[in-house]
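# Secondary and tertiary structure notes
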Amino acid sequence: QIKDSATLTRDVLEQHFSDLKGTLKKLLDERLMSLLQEVDVIEQESIKPLDECQKLIEHGVSTADDLLREGESAVDGDVGQQNEKLCNFTKKALHIQLDSLPEVPSLVDVPCLSAQLDDCLLTILKNQIFRHGTVASRPPVQLEEFVEKPGGILVRWCKVDEDFVPQDYRLQYRKSAASPFEDVYVGSETEFMVLHIDPNVDYQFRVCARGDGRQEWSPWSVPQIGRTTLVPHEWTTGLEGYSLSSRRNIALRNDSQSCGVLYSKAPTYFCGQTLTFRQVLFGIETVGQPDRRDSLGVCVEQRNGDDSLQRDKAVCISTNGAVFVNGKEMTNQLPAVTSGSTVTFDMEVVQLGPCSNEGGNFKLRVTISSNNREVVFDWVLDQCCGSLYFGCSFSYPGWKVLVF
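Values in this document were obtained by computation on a predicted structure and should not be read as measured data.

In this model, the protein carries a mean pLDDT of 84, and residues with pLDDT of at least 70 account for 89%. A low-confidence stretch, residues 273-281 (pLDDT under 50), is modelled with 33 contacts involving residues beyond four sequence positions or located in other chains.

Below, the structure is given as structure tokens:
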């Protein structure tokens, strides 16, 4: 692990600083090009009037030079031509203004370019570069526990650096070493239920954290393997009144007139395997019109022909918050099930008397929670139940139930 993490750290550092060098060179080249273009623009704009002035002066000097040569020719000519040449020379000289000059910009108005470079930039960059990056030998957060759930894994992590103040956590997982890690949770909680997990398959998890007020993430925790041996919960297919998702863990009450109880595909709610089943959740995502027979719950067996779970060998909660045990309503009541509600069932086995294949007294301690309130009661059965079915029944369309 030390060698692997050291090799990975070297690779990350080398890649990061290589990228940094390329980016810095690109930025310096762009800045240099921008300054050179600025010099070009100032030079072109400032030299134009001087060039025009120079052309005017050169033209005037050339004209005076031509006139001078013409005068010399007139003086040096014979007497017959001299008068005519002198007359032409005089007329031409009167029309040419040899004493006029174009307006020349004063010296203070002529730009003188220079490069102003602040040497303190090197000092600033040097200080920043020497403080850039750290090597952490121990990540501030580590994975703590994996709890098997049907078709999922409850992942818990904890902070191991007391001086580190976390703001957010980031959990990633992958199915195989050849696959890239992908984000599955980012938030402030220290646990997360990862769904859509194939049973009996190893998944690799890692977690990191972001300090309070910081943008960068901490180093990753030591990757750990998690798996579940519990098959995912699924609704039974084929019931006319309900439409199921592709994974069959979401049931939608459609607009069919057919009524009845939708059960799980198999008795996957194992009472004897774990003491708590809190993560077997019934999350109500979309709510339709309620009916007093509507209910969510668990039961010993599937029974066709019923229109509700409010019957014997079943415990359930109705959408108005009433709790039914073996078809009888309890005096304690929970809040009504509304949009976004979550209902949880926790059960532990409490056995009364001998239990045999022929039957016997069997008691389950049941806790039903909804909207931060709960009821606790004992459910007495006349037979041993190693596992239970779950079910739901709704009379009107629009209810959408996720079970996991």
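Turning our attention to the packing of aromatic side chains. Tallied over the entire structure, the rule returns 8 aromatic pairs. Relative to Tyr185, the ring of Trp157 has its centre 5.9 Å away and its plane inclined at 45°; by these criteria the two rings are tilted. A residue pair is termed long-range when its members are at least 10 positions apart, and Trp157 in strand S2 (residues 152-159) and Tyr185 in strand S4 (residues 182-187) qualify at 28 residues. Judged by relative accessible area, which is 2%, Trp157 ranks as buried. In textbook terms, an aromatic cluster arises when at least three aromatic residues are bridged by ring pairs, as seen for Phe146, Tyr173, Tyr203 and Phe205. The ring of Phe181 has Arg206 sitting right over it, with the charged end atom 4.0 Å from the ring centre. Between the NZ or CZ atom of Arg253 and the centre of the ring of Tyr242, over which it lies, the distance is 5.5 Å.

A cluster of nonpolar side chains, contributed by Leu121, Leu122, Leu125, Ile129 and Phe130, occupies part of the molecular surface with about 530 Å² of accessible area. As for its placement among the helices and strands, Phe130 is situated in helix H3 (residues 120-131).

We now examine the sheet that holds strand S3 (residues 166-174). Read across the open sheet, the 4 strands follow the order S4-S3-S6-S7; overall the sheet is antiparallel. The open sheet is flanked by S4 and strand S7 (224-226), the only strands paired with a single partner. Here the strands of the sheet are splayed against their neighbours by 30° on average, with no regard to which way each runs. As judged from the 5 bridges shared by S3 and S4, these two strands associate in the antiparallel manner. By the bridge assignment for S4, Gln172 is matched with Asp183.

With that out of the way, let us pick up unusual backbone geometry. A negative phi holds for most residues other than glycine; trans holds for most peptide bonds. Even without glycine at this site, Lys313 takes up a positive phi of about 60°. Relative to the elements of secondary structure, Lys313 occurs in the loop between strand S13 (295-299) and strand S14 (314-318). With a relative accessible area of 21%, Lys313 lands in the partly exposed category. Phi at Asn326 is positive, roughly 55°, even though this residue is not glycine. Looking at the element boundaries, Asn326 is found in the loop between strand S15 (322-325) and strand S16 (328-333).

In this section: helix H1 (residues 2-76). In this model H1 runs 106 Å from its N-terminal to its C-terminal C-alpha over 75 residues, within 8% of the 111 Å that 1.5 Å per residue would give. At Ile47, H1 shows its strongest bend, of approximately 30°, with the proline Pro49 following within four residues. Of the positions making up H1, those classed as buried are Cys53, Leu67, Gly71 and Ala74.

What follows concerns the pairing of S16. Taking burial as the measure, the 6 residues of S16 include 0 buried ones, a minor fraction of the element. As paired elements, S15 and S16 share 3 bridges and run antiparallel to each other. What sits directly across from Ala322, in S16, is Gln333. With antiparallel pairing between neighbouring strands as the criterion, S15 and S16 make up a hairpin whose turn holds 2 residues, including Asn326 at a positive phi of roughly 55°.

Compared with the 16 Å implied by 1.5 Å per residue over 12 residues, the 17 Å span of H3 between its first and last C-alpha is a close match. Immediately downstream of H3, the backbone of Gly133 shows phi near 85°, a positive value.

Now for the pattern of salt bridges. Under the counting rule described, the total for this entry stands at 17 salt bridges. A salt bridge links Asp307 to Arg293; its shortest N-O distance comes to 3.1 Å. With Asp307 in the loop between S13 and S14 and Arg293 in the loop between strand S12 (281-286) and S13, this residue pair connects regions lying 14 residues apart in the sequence. Salt bridges here are not isolated pairs; linked through shared partners, they connect Arg303, Asp306, Arg311 and Asp312.

Moving on to the sheet that holds strand S1 (residues 141-149). Taken in spatial order, the 3 strands line up as S1-S2-S5 in an open sheet, and their pairing is antiparallel. Each edge of the open sheet carries a strand with a single partner, namely S1 and strand S5 (191-195). In this sheet, adjacent strand axes meet at a mean angle of 25° when their direction is disregarded. In this sheet, S2 lies alongside S1 in antiparallel orientation, the contact comprising 8 bridges. The residue of S2 that forms the bridge with Phe146 is Val155.

Moving on, we get to the state of the cysteines. Applying the stated rule across the entire model yields 0 disulfides. Of all cysteine sulfurs in the structure, the one in Cys316 sits closest to Cys299, which takes part in no disulfide; the separation is 9.5 Å. For Cys299, a relative accessible area of 0% puts it in the buried group.

The biggest cluster of nonpolar side chains holds 34 residues, and the ones touching the most others in it are Met347, Leu364, Ile368, Phe377, Trp379 and Leu388. Elements supplying a minimum of two residues to this core: S13, S14, S15, strand S17 (342-351), strand S18 (362-370), strand S19 (373-381), strand S20 (387-393) and strand S21 (400-403). When residues no more than four places from it in sequence are discounted, the contact partners of Ile368 are Val323, Leu334, Val343, Thr344, Phe345, Arg373, Glu374, Val375 and Phe377. In terms of nonpolar packing, the next biggest core, distinct from the first, is built from 16 residues, Ile153, Val155, Phe205 and Ala209 among them.

Parameters and conventions
- Per chain, the residues get numbers from 1 upward, laid out in the order the sequence is written.
- Where totals are concerned, whole chains, interfaces and linings use all residues; where local detail is concerned, this predicted model gives features only for residues with pLDDT of at least 70, and gives and counts side-chain atom pairs only at 80 or more.
- Excluding hydrogens and water, the side-chain figures rest on all heavy atoms present in the structure.
- Scored from 0 to 100, pLDDT records how confident the predictor is in each individual residue.
- We call two residues contacting when some pair of their heavy atoms lies within 4.5 Å.
- Pairing of aromatic rings covers Phe, Tyr and the six-membered ring of Trp, with a centre-to-centre limit of 6.5 Å; geometry is then stacked below 30 degrees between planes, edge-to-face above 60, and tilted otherwise.
- Secondary structure is summarised from DSSP: a helix means a run of H or I of at least four residues, a strand means a run of E of at least two, and numbering begins at the N terminus for each.
- Only protein chains enter the accessibility calculation, which uses a 1.4 Å probe; a residue is then buried when its area is under 20% of its type maximum, exposed when over 50%, and partly exposed in between.
- Consider the ring centre and the ring normal. A charge sits over the ring if Lys NZ or Arg CZ is within 6 Å of that centre and within 35 degrees of that normal.
- Exposure above 30% relative accessible area and no salt bridge define the residues that can form patches, which grow by joining like charges within 9 Å and nonpolar side chains of Val, Leu, Ile, Met, Phe, Trp and Tyr within 5 Å.
- Working definition of accessibility: Shrake-Rupley area with a 1.4 Å probe, residue cover restricted to the visible protein chains.
- Within this document, salt bridges are pairs made up of a side-chain nitrogen of Lys or Arg and a carboxyl oxygen of Asp or Glu, the two lying within 4 Å of each other.
- Any two strands with at least two DSSP bridges between them are considered paired.
- Simply put, an axis is a line fit to the C-alpha atoms, just over the touching stretch for a helix, and the angle between two N-to-C directions goes from 0 to 180 degrees.
- A helix is expected to reach a length of 1.5 Å times the quantity of its residues less one.
- One fitted axis covers the seven residues ending at a residue, a second covers the seven starting there, and the bend at that residue is the angle between these axes.
- Cysteine sulfur pairs qualify as disulfides if the two atoms are within 2.5 Å.
- Each nonpolar core is a collection of buried residues, namely Ala, Val, Leu, Ile, Met, Phe, Trp, Tyr and Cys, held together in the definition by side-chain atoms within 4.5 Å.

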